[in-house]
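This is what each chain is made of:
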Amino acid sequence: MDHHPTNWGRPRNDTVDPYGTYPIHQRPTNVPKDAFAAGIQHTQQPIVTGTSVLGIKFKDGIMMAADNLASYGSLARFRDIQRLHPVGEHTVLGAGGDMSDFQYIQGILDELMIDEFAAGDGHTLGPAEVHNYLSELMYARRSKMNPLWNSLLVGGFKDGKRFLAYVDLLGTTYSASTLATGYGSHIAQPLLRRAVEGREDTLTEDEARKILEQSMQVLFYRDARSLDQYQIATITAKGVNISESRKLETSWSFAEGIRGYGAQTQ
Amino acid sequence: MVDRIDFQQLKSGEVNLGTSIMAVQFSNGVVIGADSRTTTGSYIANRVTDKLTHVHDRVYCCRSGSAADTQAVADIVHYYLQLYSQQTGAPPPVHTAASIFQRMCYENKDQLSAGIIVAGWDKEVGPSVYNIPLGGGLFRQPWAIGGTPPVPAQRTYTGTATRRTRRAGGRDETVEFVKNTLALAMSRDGSSGGVIRMCVITEEGVERLFVPGNELPKFWTGTEVLAAPKEKVVLDPQVAPMVIE
Amino acid sequence: MTSIGTGYDLSASTYSPDGRIFQVEYANKAVENSGTAIGLKVKDGVVLAVEKLVHSKLLVPGANRRIQTVDRHIGLATAGLPADGRTVANRARDEAAGYRDFYRSPPTLKTIADRIGHFVQMYTLYSSVRPFGISTILGAVDKDGPALGYHGAAVGKGRQLAKTELEKLKLSELTAREAVIEAARIIYLVHEDAKEKEFELEMSWIGPETNGLHVAVPKDLFDEAEAKAKEALVSGLE
């Protein structure tokens, strides 16, 4: 029986003592458990993470939203980061998951766009090309058992066509007129579908923005890793526009009169 | 409930800088600071460590995590920055130093446990502070705090620091702020302690500051509100107690 | 060419007794056969211009460009063998990409020029390689502002006249827009010596109107500059 405080309330795990709380004479040993444990171990967890990204089609293009938070476990560690990244003239990449991997992807795409620019052949990469490139990249990395720990949305507008698609750490891709990653895929996606599906060609920019604002609000209410500071990206024939950081309007005053959790009245 | 995330697993017997570190930008410089405790488990391997590490004339880093890892990384960055200044004939911008740290931490994230704050002054942007947490991301901040194990240590003082954010304060109040925040963290975090070391980095130079472990700022401990001892009744020796028969 | 037949001109790794490297001098001949390329560093930007001699009527207009983009903010113009120009431009791109990858910031022109200088010099050391038959002008607007290493530079056949013309200008007072006009004029002027050959004017710039990017001079400005250049030529000859 292990009575040490480190193990109160959880099953014993001798290999981990992250807080260094074992007295030195009974510190856990970290011997490999089997013949394979000493082999190459890649980081199999995200560390500094972003939460949901939302994306919808509307009349003139694509609109995306993501908050400005990068969490460290449950600590809201960085509250001013950008998770919507412009890629060239026609595309925006939105990322949830590990932020260091996202920065790495940004670097790769930036270089890709410079190569394209330097070629100077009059061609530019659009959202479909960027998305396909990312799907190959993500799948190649998962096949090396060393994935880039992200769920990504690629939104864009080029040659009169809207584009919105998803790719994740496994290289899985899909496309729809409304998309959401992470918590958003559970909470916001049904709301987005109800508001957008069948109306992709009539929704105005203002209506689209309203829909995303409402979904971001619900996510802020229900996602414990979210923030009320967020940005909206709009991609139309006019190009890419990523808004300044804006604050969600939330409502709490109704809670003032709530008493107890049932029969209590005062 | 999701299980607690195991951010770091030190190898058996590995020395840990389990640490309170921070850096704060002010109008014309940065103040960086750290405690001085290095531990193996709960044994203090070094009580007077210097975690403020020179990587170039006006660029320093605060190291947290494995002492061996962060020293190795800082040594390599120091080498690259010497190379940079020789090749370009100018001192490296803080961003350059931070980027090299970031690359090493990102590309070797599987084998490193290193949380590093890079801070300094350069002629392009003046004072700046960069945070490079465990996974190897790069984040510029007006002030940064760090330390591993990150969760308990940082939670205790992220709140304190946030409330007292200094963006363009003066040198002296920034030094006081860093000193007080570190002392507060050290008082609560078992893996932090010892002395406070600080550096003020400006265009003019780097100034070292030191607060000995027996002269740390003291904080409210709560003893005052607990019932004060009752006034002792002192008997007047002149008054003879009544003899009870 | 007294060097021919002496045996000292067979390799770039051999000096002649009077300290010359004939292979490098021959490479310069290849540059002199080529149309002129110039670069102007002015108050708020950099302009590159090239007199591209068109050797065949079969060539599509705009083909075989001699001004190339190295990085978003860096341009490169060459005079000499076009293939060597592309090799050096590709190397410059690799260097710029490598710098960005390592330092996560855009390279300064000086860094790229140093590295390309080193790269080119390596091809003057060994008997197994041929020195590049080009002269290169690199221009950029980087964190330190417009950069070229010189206020003005000229390489290729008409470089002497071009330099004389550049020296007459108050380069540090010109705007990028004005510099484009001057560049076109100079290219048309130096072409007078090879009038019988067809040529195509190529111009690029980096300035306040390009958002810091190295791009071709826009058509309206290009046409204006070309028209003024032709005008200046006519009035100059009178």
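Residues numbered from 1 in each chain as written. Chains lettered and ligands numbered in written order. Predicted model: local features only at pLDDT ≥ 70, side-chain atom pairs only at ≥ 80, totals over all residues. Heavy atoms only, no water.

A. Looking closely at the interface of chain B and chain C. On the chain C side, the residues contacting the 11 residues of chain B number 9 residues. Regarding the contact of chain B and chain C, the summed buried area is about 960 Å², with carbon and sulfur atoms giving 50% of it. Here chain B is connected to chain C by 1 salt bridge. Note that Lys143(C) and Glu124(B) form a salt bridge whose closest N and O atoms lie 3.0 Å from each other. Linking chain B with chain C are 3 residue pairs in polar contact (both at pLDDT 80 or more). Within the residue set of the side of chain B that touches chain C, elements represented by two or more residues are helix H1 (67-88) and helix H2 (94-107) of chain B. For the side of chain B that touches chain C, the element with the most residues is H2(B), which contributes 6 residues. (Contact = heavy atoms within 4.5 Å. Buried area = accessible area lost by both parts, 1.4 Å probe. Salt bridge = Lys/Arg side-chain N within 4 Å of Asp/Glu carboxyl O. Polar contact = N/O pair within 3.5 Å; in protein donor to acceptor, adjacent residues only side chain to side chain. Helix = DSSP H or I, 4+ residues; strand = E, 2+ residues; numbered from the N terminus.)

B. Representation of the pairing of strand S3 (residues 29-34) of chain B within the structure. All names here are of chain B. Among the 6 residues of S3, 6 are classified as buried, and the element is accordingly described as predominantly covered. Taking every second residue as pointing to the same face, both faces of S3 are buried, with Gly-29, Val-31 and Gly-33 on one and Val-30, Ile-32 and Ala-34 on the other. Across 6 bridges, the pairing between strand S2 (residues 21-26) and S3 is antiparallel. Residue pairing in the sheet places Ala-23 in a bridge with Ile-32 of S3. Counted along the chain from S2 to the antiparallel partner S3, the turn is 2 residues long. (Buried < 20%, exposed > 50% of the residue type's maximum accessible area, 1.4 Å probe, protein only. Pairing = 2+ DSSP bridges.)

C. Molecular detail of the pattern of salt bridges. Residues and elements named next belong to chain A. Under the definition given, this model contains 35 salt bridges over all chains. For the salt bridge of Asp-228 with Lys-247, the shortest nitrogen-to-oxygen distance reads 3.3 Å. Here Lys-247 lies in strand S14 (residues 246-247) and Asp-228 lies in the loop between helix H4 (205-222) and strand S12 (229-236), a separation of 19 residues in the sequence. With relative accessibility at 15%, the residue Asp-228 sits in the buried group.

D. Examining the packing of aromatic side chains more closely. For the structure shown, the criterion picks out 14 aromatic pairs over all chains. For the ring pair Tyr84(B) and Tyr103(C), a centre distance of 5.4 Å and an interplane angle of 70 degrees mean the geometry is edge-to-face. Here Tyr84(B) is found in helix H1, whereas its partner Tyr103(C) is found in helix H2 (residues 82-103) on a different chain. By relative accessible area, which is 6% here, Tyr84(B) ends up buried. On the basis of an interplanar angle of 25 degrees and a centroid distance of 6.5 Å, the ring pair of Phe22(C) and Tyr26(C) is categorised as stacked. Of the two residues, Phe22(C) and Tyr26(C) are both situated in helix H1 (residues 22-32); the distance of 4 residues between them amounts to about one turn of the helix. Residue classification places Phe22(C) among the buried residues on the basis of a relative accessible area of 6%. (Phe/Tyr/Trp six-rings, centres within 6.5 Å; stacked < 30°, edge-to-face > 60°.)

E. Region of interest: helix H4 (residues 171-188) of chain B. Helix length check: H4(B), at 18 residues, gives a terminal C-alpha distance of 26 Å against a target of 26 Å (1.5 Å per residue), a fit within 8%. Every buried residue of H4(B) is listed here: Thr174(B), Val175(B), Phe177(B), Val178(B), Lys179(B), Asn180(B), Thr181(B), Leu182(B), Ala183(B), Ala185(B) and Met186(B). (Expected span 1.5 Å × (residues − 1).)

F. Layout of a nonpolar patch on the surface. Residues and elements named next belong to chain B. A cluster of nonpolar side chains, contributed by Trp-220, Val-225 and Leu-226, occupies part of the molecular surface with about 400 Å² of accessible area. Looking at the element boundaries, Trp-220 is found in the segment after strand S13 (206-211). What makes Trp-220 exposed here is its relative accessible area of 60%. (Patch = residues over 30% accessible without salt bridge, like charges linked within 9 Å, V, L, I, M, F, W, Y side chains within 5 Å. Areas by Shrake-Rupley, 256 points an atom, 1.4 Å probe, with all protein chains shown as cover.)

G. Layout of the environment of Pro133(B). Residue and element names in this part refer to chain B. With respect to the helices and strands, the residue Pro-133 is situated in the loop between strand S9 (126-132) and strand S10 (139-141). Given a relative accessible area of 3%, Pro-133 falls into the buried group. A sequence separation of 62 residues divides Pro-133 from Gln-71, and the C-alpha atoms of the two residues are 16 Å apart.

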